[in-house]
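Each chain, written out:
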Amino acid sequence: MDEKPPPARLEEVLIKFTQADNVEGFSILPSAKEAELYSMIPPDFSICDHCLAEIYDPNDRHYRYAFNSCAWCGPRFSIMRDVPYDREKTSMLEFKLCEDCEREYKDREDLRRFHAQGISCPKCGPKLWMEDSDGEKIHSEDPVRDAARLLDEGKILAIRGLGGYHIACLATDDEVVRKLRERKRRPSKPFALMALSVEVVERYAVVNETARDLLTSPERPIVLMPAKGGISELVAPGLDLIGIMLPYTALHHMLLKEVRDQILIMTSGNEHNKPMCTSVECARERLSPIVDYFLHHNREIVNRVDDSVIRFTGNRATMLRRGRGYAPMWIRLPSTLNKPVIAFGAELQNAGAVAFRDKAVLTQFIGDTDELENLEFLDRMLKFFSNVYRIEPSEAVIVADMHKGYSSRRLAEAWAEAHGSSLIEVQHHHAHICSVMVEERVEPSRKVLGIAIDGLGMGDDGTLWGGEVMISSFSDYERVGHLRPQPMPGGDRATIYPVRMLIGILSTFMSDDEILDLLRRRDLLKGLPKGEGEARISLTQARGKCPMISSVGRVLDAISSLLGICLERTYEGEPAMKLEAAAKGSLLRMEPPEIRGSVIDTSEFIERLLGAEGRKEDLAYTSIYLLGYSLGELSSKYLSRSDYDAIFVSGGAAVNSILIKGIEDSLKEFKVKVKLNSIVPAGDGGIALGQVASMLWRDLDEITN
Ligand SMILES: [Zn+2]
Ligand SMILES: [Zn+2]
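Residue positions are given per chain, counting from 1 as you read along its sequence in written order. In the order they appear in the text, chains get letters beginning with A and ligands get numbers beginning with 1. Note on the predicted model: pLDDT of at least 70 is required for a residue's local features to be given, and 80 or more for side-chain atom pairs to be given and counted; whole-chain, interface and lining totals, by contrast, use all residues. By convention in this description, side-chain values take in all heavy atoms of the structure and omit both hydrogens and water.

A. Here's a closer look at the packing of aromatic side chains. When two rings of Phe, Tyr or Trp (its six-membered ring) have centres within 6.5 Å they constitute a pair, described as stacked for plane angles under 30 degrees, edge-to-face for angles over 60, and tilted for the intermediate range. With the rule as written, the count across this model stands at twelve aromatic pairs. Aromatic pair phenylalanine 385 and tyrosine 389: ring centres 6.5 Å apart, planes at 10°, arrangement stacked. We note arginine 324 situated over the ring of tyrosine 248; from NZ or CZ to the ring centre the distance is 3.5 Å. A ring is scored as having a charge over it whenever the NZ atom of a lysine or the CZ atom of an arginine sits within 6 Å of its centre and within 35 degrees of its normal. Above the face of the tryptophan 330 ring, lysine 359 is positioned so that its terminal group lies 5.1 Å from the ring centre.

Right, dumping it as structure tokens:
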């Protein structure tokens, strides 16, 4: 077992004593049917050191081969059409092994290539070629070298990789990055980077030991680390963290070795709001307005897999996006389901899940399912996993979010209708807390105290939630405390223009004239496209009929705009992320928000914040910290009703280090641990796991189809 290849995971060892059959000698028998039914779909792994050594060895037949792989490394899930993982069931099928490869494949002594399904060589494997943005083929003896030369000249390239296309360009040249932002219509969302080695990463970011381990792991995620400077400011404007990954295929490694900086922007190759392209046709059609050249290859990408993203919350590594390297590894449930479950997740940054027995399989990161192509992708992946794990939708329970407006919910309804299966709705924040309960393997029917800190989710009372304290078991919950519900004038528009949210909160304790005066003095009217007119409309909405929301995310948005840090959200979470990035100061002498009964009064808090004196970075830090502190304080009232000396915190804002520190500090005297998600995202990308888990301990047979 010490000899296992690096990416292998020993999940459990089952030893069963049986009567010996009447056989002599030793032989490997075919896998039993049962085992075959449930063989796990392996995720894609980065190139191993042996394969890397071969591509730089002029005497090896894999010299400079962009698709080199072995039994220990290379693509899996991204090329698989079905289980088990045999070559005939992958997109390597069309590349017939040459004599040399065949010999290695059949050689029992060849540890790395014997029976390795994905192997190939320059003679028999996939090929690279280059095109210009008009789709004209460019003659090239060495496409990788030519691509590197073009990148160094400041050109933007689309590069077909393992789980899809990337768009690559220099990360150190403002002009180039600005050009990419304009062409991609992406004003400020951060771009991911790829660097040749940890040593190169260290030039640009602070790398701690955990980050180093993650960067070099076979999963090769993008790791967010404190930026040191040296790359263009336009890569991650207004943020203090940059996301970097190491090369994970031979192609990427050779490319990064050739370019002068040894670091490049490597962002998803997609059109604005659309999924990442996986096919040559998609890239030609959609990426040609963005890029100058293409580097294509001819191996089909069967399943799109985006790069995974990990950040640190305090000093804990937490998943932001679960894709390549991690998905679709299954997650063990703390108990057995008596029926299969198919879960459709939420809406933004979504993932779905299928579950059977004691296993849940979360799909790879899907994206925002309010975009039709992403919704179709969710549909396709749920069909794929139902099929490979032999789940009959007609015999499964379908689970969806309570929000009837979610496209994922409508898709779930269509599945339930088509298969005659039951649809169960799960409250958004209960699902969040369940997701961390699964990770912590909470025992059957036990109760925990949970805090859901989030952007937005539908509550069971028809209002929007997102700052909730719950006593939760897997099958049930009680909402025992929350932030004060605040008017959200204009609904969704208030998430795009956080000044609207600020107006909503201010309207609970100030007159219209006072508010308009404050917006003028602080120069915040520019945060509304229609200026003062829009402010007046927002006020009318806030005082009339408008959605009410108890979300932490929206309060952070309002504070971010109040401090002039972010006035427009151009990507999910931007105002709150920029507020966290700006919060480099220290704690001001200020009381946490007042708790009235079971409600945290955020109006009272914002009112005090208006009069508070301090630098922007201190005010930013203090407000986030105290908001977290009050949530911890409120929870502590209910500690006696929990079976654990821990609090389970999840939701999109549960990756905010300062919020979590506030919660932890307020609970210090109670010696309570704070449990966070680590294997699935705390945000909506992990919610499908929670939806599955909320079906545990329910008698699903009672739910008649
Ligand atoms: Zn290898
Ligand atoms: Zn070959």
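B. The coordination of the zinc ion (ligand 1), seen in detail. Counted as donors are N, O and S atoms no farther than 2.8 Å from the metal, or 3.2 Å for Na, K and Ca; water is not among the atoms, and sites may therefore look incomplete. Protein ligation of the zinc ion (ligand 1) involves Cys48 (SG), Cys51 (SG), Cys70 (SG) and Cys73 (SG), the donor distances falling in the range 2.3 Å. Sites are called tetrahedral only when four donors show all angles between 85 and 135 degrees, square planar or octahedral only when four or six donors show opposite pairs over 155 degrees and all other angles between 65 and 115, and irregular in any remaining case. Its four donor atoms give the zinc ion (ligand 1) angles of 104 to 117° at the centre, a pattern that matches the tetrahedral case. Summarised as a motif, the one-chain spacing of the donors to the zinc ion (ligand 1) is C-x2-C-x18-C-x2-C. Highlighted residues: cysteine 51 in helix H2 (residues 49-55) and cysteine 70 in the loop between H2 and helix H3 (99-106), separated in sequence by 19 residues. Helix numbering and strand numbering both begin at the N terminus, where a helix is a DSSP run of H or I of at least 4 residues and a strand a DSSP run of E of at least 2.

C. Local environment of helix H17 (residues 552-562). Across the eleven residues of H17, eleven count as buried, placing the element largely inside the fold. For H17, every residue scored as buried is listed here: Val552, Gly553, Arg554, Val555, Leu556, Asp557, Ala558, Ile559, Ser560, Ser561 and Leu562. Regarding H17, its N-cap is serine 551, as a side-chain oxygen of that residue lies 3.0 Å from the backbone nitrogen of glycine 553 further along. Of the residues trailing H17, glycine 564 is marked for its positive phi of about 70°. Only protein chains enter the area calculation, which uses a 1.4 Å probe; residues under 20% of their type maximum are buried, those over 50% are exposed, and those in between are partly exposed. Two N or O atoms count as a polar contact when they lie within 3.5 Å, although within protein this holds only if one can serve as hydrogen donor and the other as acceptor, and sequence-adjacent residues are included solely when both atoms are side-chain atoms.

D. Broad picture of the environment of glycine 314. Relative to the assigned elements, glycine 314 resides in the loop between strand S10 (309-313) and strand S11 (316-321). We classify glycine 314 as exposed; its relative accessible area is 52%.

E. Structural detail: the state of the cysteines. Cysteine sulfur atoms are paired as a disulfide whenever they come within 2.5 Å of each other. All chains considered together, the criterion is met by one disulfide. With its sulfur 2.2 Å from that of its partner, cysteine 277 forms a disulfide with cysteine 282. Negative torsions about the S-S bond denote left-handed disulfides, and the value of about -60° found for cysteine 277 with cysteine 282 makes this one left-handed. For cysteine 277, a relative accessible area of 1% gives the class buried.

F. Local environment of the coordination of the zinc ion (ligand 2). For the zinc ion (ligand 2), every protein donor is listed as Cys98 (SG), Cys101 (SG), Cys121 (SG) and Cys124 (SG), and the spread of their distances is 2.2 to 2.3 Å. In this structure, the zinc ion (ligand 2) is coordinated by four donor atoms arranged in tetrahedral fashion, with angles at the metal of 101 to 116°. Sequence spacing of the donors to the zinc ion (ligand 2): C-x2-C-x19-C-x2-C. With a gap of 23 residues between them, cysteine 101 in helix H3 and cysteine 124 in the loop between H3 and strand S1 (128-132) connect regions that are remote in the sequence. By the burial criterion, cysteine 101 is buried, and cysteine 124 matches it.

G. Just the sheet that holds S1, in detail. In space, the eleven strands of this open sheet follow the order S2-S1-S9-S3-S4-S8-S5-S7-S6-S10-S11, with mixed pairing throughout. The open sheet has two free edges, formed respectively by strand S2 (137-138) and S11, since each of these has just one partner strand. Whether two residues are in contact is decided by their heavy atoms: any pair within 4.5 Å suffices. Lines are fitted to the C-alpha atoms to define the axes, a helix being fitted only along its stretch in contact, and any angle between axes, read from their N-to-C directions, falls within 0 to 180 degrees. On the sheet, helix H5 (residues 174-184) packs against strand S4 (165-170) and strand S8 (263-268) and is oriented at approximately 145° with respect to S4. Helix H8 (residues 250-258) rests against S1, strand S3 (157-160), S4, strand S5 (193-195), S8 and strand S9 (293-297) of the sheet, and its axis sits at about 140° to S8. Two strands form a pair only when DSSP identifies at least two bridges running between them.

H. Geometry of the side chain of arginine 76. Here arginine 76 shows up in the loop between H2 and H3. Aspartate 44 provides the closest opposite charge to the buried, unpaired arginine 76, separated from it by 7.0 Å. Counting rule applied: Lys, Arg positive; Asp, Glu negative; His and chain ends not counted. Basic side-chain nitrogens of Lys or Arg form a salt bridge, by our definition, when they fall within 4 Å of a carboxyl oxygen of Asp or Glu.

I. Representation of the nonpolar core within the structure. Remark: nonpolar core denotes a set of buried residues (Ala, Val, Leu, Ile, Met, Phe, Trp, Tyr, Cys) joined through side-chain atoms within 4.5 Å. Membership of the largest hydrophobic core comes to 114 residues, with the highest contact counts inside it found for Ile453, Leu519, Val552, Leu631, Val649 and Val692. Element by element, the count of residues in this core is highest for helix H20 (residues 616-636), at nine residues. Every residue in contact with valine 649, bar those within four places of it in the chain, is listed here: Val436, Ile451, Ile453, Ala654, Ile660, Ile663, Val674, Lys675, Leu676 and Asn677. In this structure, Met130, Met194, Ile242 and Val309 belong to the second largest nonpolar core, which totals 88 residues.

J. Quick peek at the pairing of strand S7 (residues 241-245). Counting buried residues in S7 gives four out of five residues, a clear majority hidden from the surface. As paired strands, S5 and S7 are joined by two bridges and run parallel to one another. Within S7, the residue paired with methionine 194 across the bridge is methionine 245. In the sheet, strand S6 (residues 222-226) pairs with S7 via four bridges, with the strands oriented antiparallel.

K. View of the packing of helix H15 (residues 512-521) against helix H16 (residues 531-543). Put simply, H15 and H16 touch, their axes get as near as 11 Å, and they point 140° apart. Here H15 lies oblique to H16, going by the angle between them. Here H15 and H16 pass one another in a crossing that is right-handed. In this structure, H15 contributes Asp512, Ile515, Leu516, Leu519 and Arg520 to the contact, and H16 contributes Glu532, Ala535, Arg536, Leu539 and Arg543. Throughout this description, any angle smaller than 35 degrees is read as roughly parallel, any larger than 145 degrees as roughly antiparallel, any in the 65 to 115 degree range as roughly perpendicular, and the remainder as oblique. A clockwise turn of the near helix away from the far one marks a right-handed crossing, whereas an anticlockwise turn of less than a right angle marks a left-handed crossing.

L. A look at the sheet that holds strand S12 (residues 330-332). Taken together, the six strands give an open sheet; going across it, the order is S12-S15-S14-S13-S16-S17, and neighbouring strands pair in mixed fashion. The two strands at the open ends of the sheet, each matched to only one other strand, are S12 and strand S17 (423-426). Adjacent strand axes in the sheet meet at a mean angle of 25°, parallel and antiparallel pairs treated alike. Where strand S14 (residues 353-356) meets strand S15 (residues 359-362), four bridges bridge the pair, whose relative direction is antiparallel.

M. Representation of the side chain of arginine 500. By secondary structure assignment, the location of arginine 500 is in helix H14 (residues 498-506). The buried category is assigned to arginine 500, whose relative accessible area is 4%. In contact with arginine 500, other than residues within four places in its own chain, are Pro489, Gly490, Arg493, Ala494, Leu528, Glu534, Ser538 and Gln541.

N. Region of the structure containing unusual backbone geometry. The residue after valine 83, namely proline 84, is reached through a cis peptide bond having omega -10°. Locating proline 84 in the fold gives a position in the loop between H2 and H3. A cis geometry characterises the amide bond from alanine 327 onward to proline 328, with omega recorded as 0°. By the secondary structure assignment, proline 328 is in the loop between S11 and S12. Even without a glycine there, the phi angle at aspartate 523 is positive, about 55°. Tracing the backbone shows aspartate 523 in the loop between H15 and H16.

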